[in-house]
Amino acid sequence: IIGGSSSGSAAAVEAGLVPFSIGTDTGDSIRQPAAWCEKVVGMKPTYGIISRYGMHSFSPSLDTFGFFTTNVSDQAMLLSISSGFDEKDFTSAPNKSYDFVTDLTPTTKGVKVGIFKTNKDVFSSEIQ
């Protein structure tokens with residue numbers, strides 16, 4: 001079971017038939033099939049980042065194009081390539097392009113982590 005209307009795209013990536021595939025997501029049709037697969041990364045991009053021009057909309061305020069890949073780096077590359085303003089889609093974001101690849105950082109240098117001084121009010125007794 002892969003589930004979701006874009007499940008065939010997820011299955012093709014999972015089986016190694018293609019390096020990536022395209023899906024549409026209104027209510028989990030990319031994220032759910034990816035979650036059912038072992039080797040697939042699926043993400044619903046922020047609304048307007050990728051043009052919806054040419055898409056047959058089910059729910060115009062929720063529909064997005066997205067990708068199935070086998071790793072996050074490929075997701076970032078495809079999102080960078082396909083994102084940006086499209087004059088044929090009035091809901092597309094105003095930026096001409098985005099660079100999501102540069103923002104991938106495999107380090108935690110400079111990352112701040114907050115730790116509760118007391119957890120008795122936050123976590124249940126089983127977790128404490």
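Model, not experiment: these values are computed from the prediction. (Residues numbered from 1 in each chain as written. Predicted model: local features only at pLDDT ≥ 70, side-chain atom pairs only at ≥ 80, totals over all residues. Heavy atoms only, no water.)

Colleague: Outline the pairing of strand β1 (residues 21–25), supporting the account with residue identities and numerical values.
Modeller: Of the two faces of β1, the one lined by Ser21, Gly23 and Asp25 is fully buried and the one lined by Ile22 and Thr24 carries no buried residue. Bridge count between β1 and strand β3 (residues 64–69): 5 bridges; the pairing is antiparallel. Note on β3: the bridge partner recorded for Thr24 is Phe65. (Buried < 20%, exposed > 50% of the residue type's maximum accessible area, 1.4 Å probe, protein only. Helix = DSSP H or I, 4+ residues; strand = E, 2+ residues; numbered from the N terminus. Pairing = 2+ DSSP bridges.)

Colleague: How would you summarise the nonpolar core if you had to cite specific residues and measurements?
Modeller: Counting 7 residues, the largest nonpolar core is built from Ala10, Val13, Ile30, Ala34, Cys37, Val40 and Phe68. Counting 5 residues, the second-largest nonpolar core is a separate cluster that includes Ile49, Ile50, Leu78 and Leu79. (Core = buried A, V, L, I, M, F, W, Y, C linked by side-chain atoms within 4.5 Å.)

Colleague: Please provide a residue-by-residue account of the environment of Thr46, values included.
Modeller: Tracing the chain through its elements places Thr46 in the loop between β2 (41–43) and β3. Given a relative accessible area of 57%, Thr46 falls into the exposed group.

Colleague: Describe in detail the packing of aromatic side chains, supporting the description with residues and values.
Modeller: Overall, the coordinates contain 2 aromatic pairs when judged by the stated rule. On the numbers, 6.4 Å between centres and 70° between planes, the contact of Phe20 with Phe67 is edge-to-face. Note that Phe20 is positioned in the loop between α1 (7–14) and β1 and Phe67 in strand β3, a separation of 47 residues in sequence. The partly exposed category is assigned to Phe20, whose relative accessible area is 36%. (Phe/Tyr/Trp six-rings, centres within 6.5 Å; stacked < 30°, edge-to-face > 60°.)

Colleague: Tell me about the environment of Pro33, and name the residues and values.
Modeller: With respect to the element layout, Pro33 can be found in helix α2 (residues 31–36). Judged by its relative accessible area of 0%, Pro33 is buried. For the pair Pro33 and Ala11, spaced 22 residues apart in sequence, the C-alpha to C-alpha distance is 8.1 Å.

Colleague: Summarise helix α3 (residues 72–82); cite the residues concerned and give the values.
Modeller: Residues of α3 that are buried include every one of Gln75, Ala76, Leu78, Leu79 and Ser80, and no others. For α3, the secondary structure elements touched by its buried residues are β2 and β3. One side-chain oxygen at the N-terminal end of α3 lies 3.2 Å from the backbone nitrogen of Ser73; it belongs to Asn71. Within two residues after α3, Gly84 carries a phi angle of roughly 125°, on the positive side. (Contact = heavy atoms within 4.5 Å. Polar contact = N/O pair within 3.5 Å; in protein donor to acceptor, adjacent residues only side chain to side chain.)

Colleague: Lay out the sheet that holds β1 in plain terms, naming residues and giving numbers.
Modeller: The 3 strands are arranged β1-β3-β2 in an open sheet whose pairing can be described as antiparallel. In this open sheet, the two edge strands, each paired with only one partner strand, are β1 and β2. Neighbour-to-neighbour, the strand axes of this sheet turn through a mean angle of 25°, independent of strand direction. Along the sheet face, α3 touches β2 and β3 and points at about 145° away from the line of β3. (Axes fitted to C-alpha atoms, helices over the stretch in contact; angles between N-to-C directions.)

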